[in-house]
Amino acid sequence: MSAIQTVVKEKQKLSLDKDVQEESIISAKGLNLWYGNDQALKNINLEIPEKQVTAIIGPSGCGKSTFLKTVNRMVELVPIVKINGNIDYHGVNIFDSKVNLVELRSSVGMVFQKPNPFPKSIFDNIAFGPRVHGIKKKAELTKIVEKSLRASGLWDEVKDRLGESALGLSGGQQQRLCIARCLAVEPEVILMDEPTSALDPKSTLKVEELIQELKEKYSIIIVTHNMQQAARISDKTAFFLNGEVVEFDNTDKIFSNPTDKRTEDYITGRFG
Ligand SMILES: Nc1ncnc2c1ncn2[C@@H]1O[C@H](COP(=O)(O)OP(=O)(O)OP(=O)(O)O)[C@@H](O)[C@H]1O
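Residues numbered from 1 in each chain as written. Predicted model: local features only at pLDDT ≥ 70, side-chain atom pairs only at ≥ 80, totals over all residues.

- As recorded by an unreviewed UniProt entry, the chain carries the name Phosphate ABC transporter ATP-binding protein and is attributed to Salipaludibacillus keqinensis.

### Points about the packing of helix H7 (residues 171-183) against helix H8 (residues 201-214)
Each pair of packed helices can be described by the angle between their axes along with the distance between the axes.
Then, in step 1: At a closest axis distance of 9 Å, the pairing of H7 and H8 adopts a crossing angle of 20°. Here H7 is positioned roughly parallel relative to H8, judged by the angle of their axes. Helix-helix and strand crossings are classified by hand; for H7 and H8 the assignment is right-handed. Of the residues in H8, those touching H7 at Gly171, Gly172, Gln175, Arg176 and Ile179 are Ser203, Lys206, Val207 and Leu210. (Axes fitted to C-alpha atoms, helices over the stretch in contact; angles between N-to-C directions. Helix = DSSP H or I, 4+ residues; strand = E, 2+ residues; numbered from the N terminus. Parallel < 35°, antiparallel > 145°, perpendicular 65-115°, else oblique. Left-handed = near helix turned anticlockwise from the far one by under 90°. Contact = placed C-beta atoms within 7 Å.)

### Structural notes on the site of the ligand
Then, in step 1: Around the ligand sit Tyr35, Ala40, Gly58, Ser60, Gly61, Cys62, Gly63, Lys64, Ser65, Thr66 and Val78, and that is every residue in its neighbourhood.
Then, in step 2: Of the residues that constitute the shell around the ligand, the class distribution is 4 nonpolar, 6 polar and 1 charged. (Near = placed C-beta within 6 Å. Nonpolar A, V, L, I, M, F, W, Y, C, P; charged D, E, K, R; others polar.)

### Focus on the confidence of the model for the chain
Then, in step 1: Mean pLDDT over the chain stands at 92; residues scoring 70 or higher make up 92%.
Then, in step 2: With pLDDT under 50 throughout, residues 15-20 is counted as low confidence; its partners more than four residues away or in other chains account for 7 contacts.
Then, in step 3: Confidence estimates for the predicted assembly give a pTM of 0.91 and an ipTM of 0.98. (pLDDT = per-residue confidence, 0-100.)

### Re the sheet that holds strand S5 (residues 92-93)
Then, in step 1: The sheet built from 4 strands is open, its strands ordered S2-S1-S4-S5 with antiparallel pairing. Each edge of the open sheet carries a strand with a single partner, namely strand S2 (38-49) and S5. (Pairing = 2+ DSSP bridges.)

### So, the nonpolar core
Then, in step 1: Residues Ile190, Leu191 and Ile220 are the most contacted members of the largest nonpolar core, which totals 69 residues.
Then, in step 2: The element that contributes the greatest number of residues to this core is H7, accounting for 6 residues.
Then, in step 3: The residues touching leucine 191, leaving out its near neighbours within four places in the chain, are Leu68, Val71, Asn72, Val108, Gly109, Met110 and Ile221. (Core = buried A, V, L, I, M, F, W, Y, C linked by C-beta atoms within 7 Å. Buried ≥ 20, exposed ≤ 12 C-beta atoms within 10 Å, placed from the backbone.)

Here it is as structure tokens:
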């Protein structure tokens, strides 16, 4: 039995993957995206369930990060991008001209591959977003900072050095700080683009455990190249290939009995 199958079996035993009645928080409908003349996303239809972890897997260049960055419209910072189709968030198309981008990006937060703390104190990193949103009172900011750091499992490690530079933290701590910074503006959805790829195994485990805790309150979409990670922490998995969704299903199904031969070839390491 492969390592991934073992992980899936263990999850089944622990019945972590109950087939819960699920509601979608985000629905991509007929989504297409081009960089200039090159089409990077082709007719994507995906229902992202609320308060679950959805993993996006697939070989390099298949459009995983592009999809993630489309969900909070960051991809539009690339001037040559053209998009058609819809992404509904709570039933409202995010491309509608009435959608406020600042609000969208605080509701749909993002954590990147490389931890990217600001060259500021730990406190000011977390307080940054709330301050942008107009919160000025020190007492209120202090509360938010503590709550966010507790939620990211970092509070005990940093509570006595909140005034020190965030750049002095270890890589794993910096990534949990970035997650705390994202939580401080009270998102509903967290997009994670290979959040552990720059971390050592111990820090990776901590972030994975944190993701499991966060899904009680947040809907998480995670891009990962690590099949075992997808199998361990996600409820749903979407397999992307050449800009298309080949298969989207319960993670257990994808890793134990995929419908499409290309999914099977990818997860068993035959390509990619
Ligand atoms: N800013 C950009 N300008 C032009 N083309 C881009 C840009 N960003 C991505 N692309 C192209 O879009 C396609 C999808 O890229 P994307 O980064 O979404 O893939 P990915 O699956 O996340 O890859 P990886 O696993 O290597 O991060 C690729 O062909 C890539 O070259």
